[in-house]
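# Analysis of the macromolecular model
Each chain, letter by letter, is given below.
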Amino acid sequence: MVLNGRSAESIPSRTLYLVSLNHMLNDGSTNLISTLFPVVVSVFGFPNFEVGVLVAVGYLTNMIFQPITGRYSEILEPRKLLALGISIIGGSMYLFTISNTFPTMLLTIIILRTGSSFFHPVGVSAVSRSYSGLSLDRAMGFQSAFGNLGVLAAFLASAPLYSVLGWRGPFLVFALFDILVVAITLFLMKTGNQIPTQPENLGVVEHESAPKLQRTRHKLGLPLYFIITMLISGGAYAVFANFGNLLLTKAFSLTEANSLMASWVLAAFFGAIFTGHMTKRIGRKRLLTAFYFIASATTLAFALLSYQALLAPILLLVNGFALSATYPMIYSQLASFLGEKSRSRGSSYGILFSAQIIGSSVLGLFGGYLANGFGWDFPFEITSALLLAGCVATVFWIDSNASQLIAQI
């Protein structure tokens, strides 16, 4: 496939680079507050349940706005929507610096998550229109890896910036980077919304990741399988990203805990970026099944052994790699299911990411609630069971006779 006069097999397009850059700042800025939750709890005295409420309401905001931005990605230029989203995020970074109560912190998180609702349905949809086949796996892994790179930067930078500039300093620094990325996106990203003009393909798309059954589509066209797996992957990622350092600070300092979580994000970066190479050699179905199982086992082990200085980093590295790789594989499966001529990609990805956010919100809220009574290790134990369910769901998806998982929603 040729994109902008160059081979999509060998060189990512300018659009892919800019989408990846936006993903990095989107996820880094969004997760910055999570890296400072131990500080927020200490400075403002928020109980565990209120931390869970902040996490849950933020994700619920994404759930509401992502389908809307996904719909508009079919109409407006991606560069304008991406720039608008990062601009809102940048504004929320400043608002964090003047928030000093739970209500104002909650309002700021709602604004932050409204801005972050733009990237995923807009950016991922733009990439899915530009690539196909194995190139699609590599492109999805590339942009997904940059999201992890942004989270990595947040975990590595927040504690040092906090120690030098105070707790407001990290937010101001990220606000400056957000403004810079907005300018780069508007200046360099190609105009045009890249919406395909062909009529929607309503036929059956044959792909290794989709059972060879006749699909009677609902207007959204999403099999229940995608909803189940994104609920699980989204919830699992949210538990680690938001509560990982809270569990680790029981045995380590904030800097040490954030460094350990940075190792998890770094492994997630490599898990995403190598997805295309791994699926080429192993196959998407078997790889996704294996990684769900590995993520489940390492999550449970981390819940029980997070205080171990030698074991905790190993468990986080393996878990981050496996869990992160599930994302681009699910994105690619959906793109293959929809077909190259589908005109509903933006809406479909908006719904898919809303499912991810529902999982994140539910586990975020109940994680804080359960931690009040059972400690921060308990949400990870629940997450381990859910990841095992994701492994089982993928096995059923592979089985062409599992028609109940093909049911349209």
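Residues numbered from 1 in each chain as written. Predicted model: local features only at pLDDT ≥ 70, side-chain atom pairs only at ≥ 80, totals over all residues. Heavy atoms only, no water.

## Points about a nonpolar patch on the surface
Selection rule: Residues form patches when they are more than 30% accessible in relative terms and have no salt bridge. Like charges link within 9 Å. Nonpolar side chains (Val, Leu, Ile, Met, Phe, Trp, Tyr) link within 5 Å. Computed with the Shrake-Rupley method and a 1.4 Å probe, the accessible areas treat only the protein chains shown as cover for residues. By convention in these notes, a salt bridge is any Lys or Arg side-chain nitrogen within 4 Å of a carboxyl oxygen on Asp or Glu. Only DSSP runs of H or I covering at least 4 residues are called helices, and only runs of E covering at least 2 are called strands; the numbering of each starts at the N terminus.
On the surface, F293, I294, L311, I314, L317, V318 and L388 cluster together to form a nonpolar patch covering roughly 570 Å² of accessible area. Elements that contribute at least two residues to the nonpolar patch include exactly helix 12 (284–305) and helix 13 (311–338). The leading source of residues in the nonpolar patch is helix 13, at 4 residues. Summarising the element assignment, F293 is placed in helix 12.

## What about the confidence of the model for the protein?
Close inspection of predicted coordinates is inappropriate in any region flagged by low pLDDT. Our working rule: Each residue carries a pLDDT score, the predictor's own confidence in it, on a scale running from 0 to 100. Residue contacts follow a heavy-atom distance rule, with two residues in contact if any of their heavy atoms lie within 4.5 Å.
Residues with a pLDDT of 70 or more make up 82% of the protein, whose mean pLDDT is 79. By mean pLDDT, strand 1 (residues 2–3) is the weakest element of the protein at 40, and helix 5 (residues 102–116) is the strongest at 93. Low pLDDT (under 50) marks residues 400–409, which in the prediction has 34 contacts with non-local residues, meaning those over four places away or in another chain.

## With respect to the environment of P328
Short version of the rule: When a residue's accessible area, from a 1.4 Å probe over protein chains only, is under 20% of the maximum for its type it is buried; when over 50% it is exposed; and in between it is partly exposed.
Residue placement: P328 occurs in helix 13. Residue classification places P328 among the buried residues on the basis of a relative accessible area of 0%. Each C-alpha atom, one on P328 and one on A272, is 6.7 Å from the other, the two residues being 56 residues apart in sequence. Among residues more than four places away in sequence, those in contact with P328 are M140, G141, S144, A272 and T275.

## What about the packing of aromatic side chains?
Cut-off, in case you're wondering: Stacked, edge-to-face and tilted are the three classes for Phe, Tyr and Trp ring pairs, Trp counted by its six-membered ring, which pair at centre distances within 6.5 Å; planes under 30 degrees apart are stacked, over 60 edge-to-face, the rest tilted.
Following the criterion strictly, the structure yields 18 aromatic pairs and no others. The interplanar angle of 75° and the centroid separation of 5.8 Å between the aromatic rings of Y17 and F142 together place this pair among those described as edge-to-face. Residue Y17 is located in helix 1 (residues 14–35), and its partner F142 is located in helix 7 (residues 133–165); the two are separated by 125 residues in the primary sequence. The exposure class assigned to Y17 is partly exposed, which follows from its relative accessible area of 42%. Using a relative accessible area of 16% as the deciding quantity, one classes F142 as buried. With a centroid separation of 5.4 Å and an interplanar angle of 70°, the aromatic rings of F302 and F380 are classed as edge-to-face. Of this pair, F302 sits in helix 12 while F380 sits in helix 15 (residues 377–398), placing them 78 residues apart in sequence. The same class applies to F302 as to F380, namely buried.

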